[in-house]
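# Commentary on secondary and tertiary structure
The lines below spell out each chain.
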Amino acid sequence: MASRAPLFLLVICFCCCSGHAKSFIKVVCDTTITGQVAHQSMLTCKVETTQEIPDLNIAVVVWKKPGDDQFLSALDRRPDKKNKFPPGYKVTLNDRTVSLVITDPKVKDEGVYSCLVMTDSGNAETTTHFKVTAKYEAPSVDSIDEKVVPNAHKSLICKATGGYPEGKLRWFDEKKTEWTKSAEPTIVNQTEDGLLEISSKLPLMKLSTSDEYTCVVYNASDGKEGSATIRTDDPDHDPSTQNPSKTSLSAIIAPVLVIGSLIVGLLLALLICRRRSQQKNRRPSTAPLMGTHDMVPNTDQVIDPPPPYCEEFKDNMA
């Protein structure tokens, strides 16, 4: 605190002097300057004169931020003055352009800043509003069983983190129809670093006909920053999603069994035809089994050919 005392005295002296001395300068800044978290930002103002002053000498530049997290940083160009800036901040001067460099902006750096300039032609002060933004990470979507909302069997939960300021979560189905109005109000939580986590809950009614939903996160300017899609098909009622390995195995075994059964049936039919053909071609014996075999009469008996269906069967097999 002791190191800031000279700066406070300098500011008090500036205020007293500016109230009595006529000034020929003014400080012009943009009304709003926007920076991004974790990306170096620069608050820049220009010193202008109300009349032509070719050799304007800027002696002191002070940037301050009032409030609970009061900030004060100054560049003193007077002789025998040493400048020591707070960590992460630096005041620069380039011709008549004065700047405050914030090397690693955080949410806490957001607010109204005053720029005070002391010259040999008078003093001036103005303010600018520094806004901080942070891009949301890609959202995540999960499905849970719904036990609170009437007539709903499931609910989809979408979360997006790491963003600032507060954004929006919107729901769409596979036909691009928006369902955001059916969702519950968005819940916003702030983390220790000031960034936000937003979440949205979309109950699914039992008669819902959509199988796919997409959650899209938008920033405060309605710019799309990310999306996530989830399918709501119930795997218990979808055989293709129960066990893919079993399904593929069944697809292989079924035709093998059919082809094997056909081959076995054809082989059995061929065997039966051959046995019948052999029985037809065998000569019948006219001698008794226990009698003499000295004389076996000749016969001109013509052997019947095999049944035509057996020949056709052989031709087909060939």
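Residues numbered from 1 in each chain as written. Predicted model: local features only at pLDDT ≥ 70, side-chain atom pairs only at ≥ 80, totals over all residues. Heavy atoms only, no water.

### A short note on the overall build of the protein chain
Put simply, the rule is: In this text, helices come from DSSP runs of H or I with a minimum length of four residues, and strands from runs of E with a minimum of two, each type numbered from the N-terminal end. Partly exposed describes any residue whose relative accessible area lies between the buried limit of under 20% and the exposed limit of over 50%, with all areas from a 1.4 Å probe on protein chains only and scaled to the type maximum. Should any heavy atoms of two residues lie within 4.5 Å, those residues are considered in contact. Throughout, the Shrake-Rupley method with a 1.4 Å probe supplies accessible areas, and for residues the shown protein chains are the sole cover considered.
Per the secondary structure count, the protein chain includes four helices and 16 strands. Burial analysis of the protein chain (318 residues in total) assigns 32% to the buried set. A sequence separation of at least 24 residues applies to 60% of the contacts in the protein chain between residues at least 6 apart. Looking at the protein chain as shown, the accessible area adds up to about 21,400 Å², and 54% of this sits on carbon and sulfur atoms.

### Focus: the sheet that holds strand β5 (residues 71-76)
Remark on secondary structure: sheet strands pair via backbone hydrogen bonds, oriented parallel or antiparallel. Rules: Strand pairing follows a simple DSSP-based rule, namely that at least 2 bridges must link the two strands. Axis lines are fitted through C-alpha atoms, for helices just across the contact stretch, and the angle between N-to-C directions can take any value from 0 to 180 degrees.
Taking strand neighbours across the sheet as the criterion, the five strands line up as β2-β9-β8-β4-β5 in an open arrangement whose pairing is mixed. For this open sheet the edge positions go to β2 (32-36) and β5, each flanked by a neighbour on one side alone. Mean inter-strand twist for the sheet, computed between neighbouring axes without regard to direction, equals 25°. As paired elements, β2 and strand β9 (residues 122-133) share five bridges and run parallel to each other. Paired with T34 across the bridge in β9 is K131.

### Looking at the sheet that holds strand β14 (residues 196-205)
In spatial order, the strands read β10-β11-β14-β13; together these four strands make up an open sheet with antiparallel pairing. Looking along the sheet, the strands with just one partner apiece sit at the ends: β10 (140-145) and β13 (187-190). Neighbour-to-neighbour, the strand axes of the sheet open up by a mean angle of 20°, direction not taken into account. Here β10 pairs with strand β11 (residues 152-163) via six bridges, running antiparallel. Along β11, the bridge assignment pairs I144 with S155.

Keep in mind that these numbers describe shape and distance, not what the molecule does.
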